[in-house]
Amino acid sequence: MPKAKNAVDDTPTRRSVLIAGAGIGLTATACTREARPPAGAPGPGAHAARRRQAGVTTPQQATALILAYDLDPALRGTAGARELKAVLERWTRALAETQETAETQQNGDTGDTGEAQEAGGGRVARLTATLGVGPRLPDRLGLRAPDALRDLPSFPGDRLDPARCDGDVLVQLCADSADAAEATAATLTRLAGDALSPRWRQGGFLPPSPDGGGTPRDLLGFKNGSANPTAEECERWVWAGDATYLVVRRVHLRVEDFARLAVHRQEEIVGRRRATGAPLDGGSEHDDVDPLAKDAQGRYTTPPRSHVRAASPRLDDGARMLRRSYSYADGPTDQGLLFLAFMRDPALFARVQRRMAAQDDLAAFTQARGSAVAYVLPGAGPGRPLGAELLG
Ligand code: HEM
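Reading the values: the criteria
- Residues numbered from 1 in each chain as written.
- Predicted model: local features only at pLDDT ≥ 70, side-chain atom pairs only at ≥ 80, totals over all residues.
- Core = buried A, V, L, I, M, F, W, Y, C linked by C-beta atoms within 7 Å.
- Buried ≥ 20, exposed ≤ 12 C-beta atoms within 10 Å, placed from the backbone.
- Contact = placed C-beta atoms within 7 Å.
- Near = placed C-beta within 6 Å.
- Helix = DSSP H or I, 4+ residues; strand = E, 2+ residues; numbered from the N terminus.
- Pairing = 2+ DSSP bridges.
- Expected span 1.5 Å × (residues − 1).
- Arc of directions from axis to C-beta.

J.: Help me understand the nonpolar core, please; the structure alone is not making it clear to me.
T.: Across soluble globular proteins, you tend to see nonpolar side chains buried next to one another. Counting 85 residues, the largest nonpolar core has Phe342 and Met343 as the members making the most contacts within it. Those residues within four positions of methionine 343 in sequence are excluded, and the remaining contacts are Trp237, Val238, Thr244, Tyr245, Met321, Leu322, Leu348 and Phe349.

J.: So what exactly am I meant to see when it comes to the site of the ligand here?
T.: In the vicinity of the ligand there are 27 residues, among which Phe222, Ala227, Val251, Ala311 and Val352 approach most closely. Taken together, the elements giving at least two residues each to the shell around the ligand come down to β9 (244-253), α8 (307-310), β12 (335-343) and α9 (347-359). By residue number, the principal contributor to the shell around the ligand is α9, which donates four residues.

J.: Please explain the pairing of β12 as it appears in this structure.
T.: The side chains of a regular strand alternate between the sheet's two faces. Of all the nine residues making up β12, eight are buried; the element is thus mostly covered by neighbouring parts of the structure. Of the strand pairs in this sheet, β9 and β12 are connected by eight bridges, and their pairing is antiparallel. Within β12, the position partnered with tyrosine 245 by the bridge is methionine 343. As paired elements, strand β10 (residues 322-323) and β12 share two bridges and run antiparallel to each other. Paired with arginine 323 across the bridge in β12 is alanine 341. Looking at chain direction, strand β11 (residues 326-329) and β12 are connected through four bridges and run antiparallel. Counted as the bridge partner of tyrosine 328 is glycine 336 from β12.

J.: What should I look at first to understand α9 in this one?
T.: Because an α-helix completes one turn every 3.6 residues, residues spaced three or four positions apart along the sequence face the same direction. Its 13 residues place the ends of α9 18 Å apart at the C-alpha level, agreeing with the 18 Å of an ideal helix rising 1.5 Å per residue. All of the buried residues along α9 are Leu348, Phe349, Val352 and Gln353. Down the axis, α9 shows its buried residues gathered within 125° of arc, on one side only. Packing partners of the buried residues in α9 comprise β9 and β12.

J.: Sorry, what's going on with the environment of alanine 372 here?
T.: Note on placement: alanine 372 falls in strand β13 (residues 366-376). Note on alanine 372: 24 C-beta atoms within 10 Å, which makes it buried. Considered as a pair, alanine 372 and valine 248 are 124 residues apart in the sequence and their alpha carbons are 5.1 Å apart.

J.: Help me out: how do you make sense of unusual backbone geometry in this one?
T.: If a residue is not glycine, its phi is most likely negative; likewise, a peptide bond is most likely trans. A positive phi angle, close to 65°, is found at aspartate 166, a residue other than glycine. Secondary-structure assignment places aspartate 166 in the loop between α3 (137-140) and β7 (169-175). The exposure class of aspartate 166 is buried, given the 23 C-beta atoms found within 10 Å. Backbone geometry at aspartate 317 places phi at a positive 50°, although glycine is not the residue there. Considering the arrangement of structural elements, one finds aspartate 317 in the loop between α8 and β10. The exposure class assigned to aspartate 317 is exposed, which follows from the 7 C-beta atoms found within 10 Å.

J.: What is the right way to read helix α7 (residues 263-270) from this model?
T.: For α7, the set of buried residues is Gln266, Glu267, Ile269 and Val270. End-on view of α7: buried residues confined to an arc of 160°, all on one side of the axis. The exposed set on the far side of α7, more than 90 degrees from its buried face, consists of His264 and Arg265. In this fold, the buried residues of α7 make contact with α6 (255-259) and α8. Note on α7: the residue one or two positions beyond its end, glycine 271, has a positive phi of about 95°.

Now the structure itself:
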């Protein structure tokens, strides 16, 4: 029987999202519902203080915009570090101001909906900005790279476009309105001056869901994110202290070819029910799949070449990644999954991706065309702008 588990369902208070999103807040480990102390319990001060960026365990907003920047090649060593530090200080201040405007206006006439607020003349809906640095940056600046920060290896079946890969600084902007993310992107790019130049960008959205709410669906029509780690599992497998790593993959999907398959074949390929997201041998959406379970006739209940079997944490000693993917559609012939996943060591991604290439029937419908990895810095705090841990 499948084991019941709760997917991450963190509902940060609006204030903690906004403040951490601005990179200026002290958040307790309380970005998850499970970890937040119940009413009457000791408050966050009683727990270890955390400075973590929002946009990792934050419930998914409707849109995402990934921005990749390159540091001016002329900037190296201490001088380069100084320039980058100045940019990150400006970014930290700008993001904090946006949030303050939003807070003020929300407390004024928009009411505390917990959903959206007005700022800069448009709807700013649950905006989060999550920043990371790419693997080549620390060396160039003469800094010690965090241990797990390395370029991803190449994988069979990839068709990567270098113009959609890598980057010295990566920003994940998420909001319920694409305009809000765009406005913030324009501000960040302006404040970067000549030090950082835009390298690539990718927008993403959550397709409308027939069930309205709940786990979002991908363009293949399946719920995507059902087997995400619980809050407790995030502490163990996603966070490395207050930092984490983000893997971005722009994965083209053969949507029409997949749609032509009978639903039962689609379910065999994915390894979960299309309508409900439940395991194939029963149970409900957030139940774990046991990839080795067999029926009375001795046949595997989840096909050996299914995606969830190739991706199963049981093949990685229980290690889990937190997937927070969006869909993309860049014209009629290029649509797919903007795969976004956070984990404490990107080596996990590489292991799962290799298994996908070797033993996953879903791989025939996917092709990675863009790829990047970043070290997601600890969040900012009073007197500690983003990047303080890395740049001093
Ligand atoms: C390329 C397009 C992809 C699609 C359309 C896709 C779709 C899905 C779906 C529908 C599920 C089952 C529901 C869920 O738990 O979310 C799933 C599970 C999962 N996928 Fe993917 N996926 C893709 C790529 C990847 C990649 C590149 C990785 C990592 C290398 C990955 C890792 C996982 C993991 C870890 C699970 C959960 C397995 C479990 O705990 O049972 N997926 N994916």
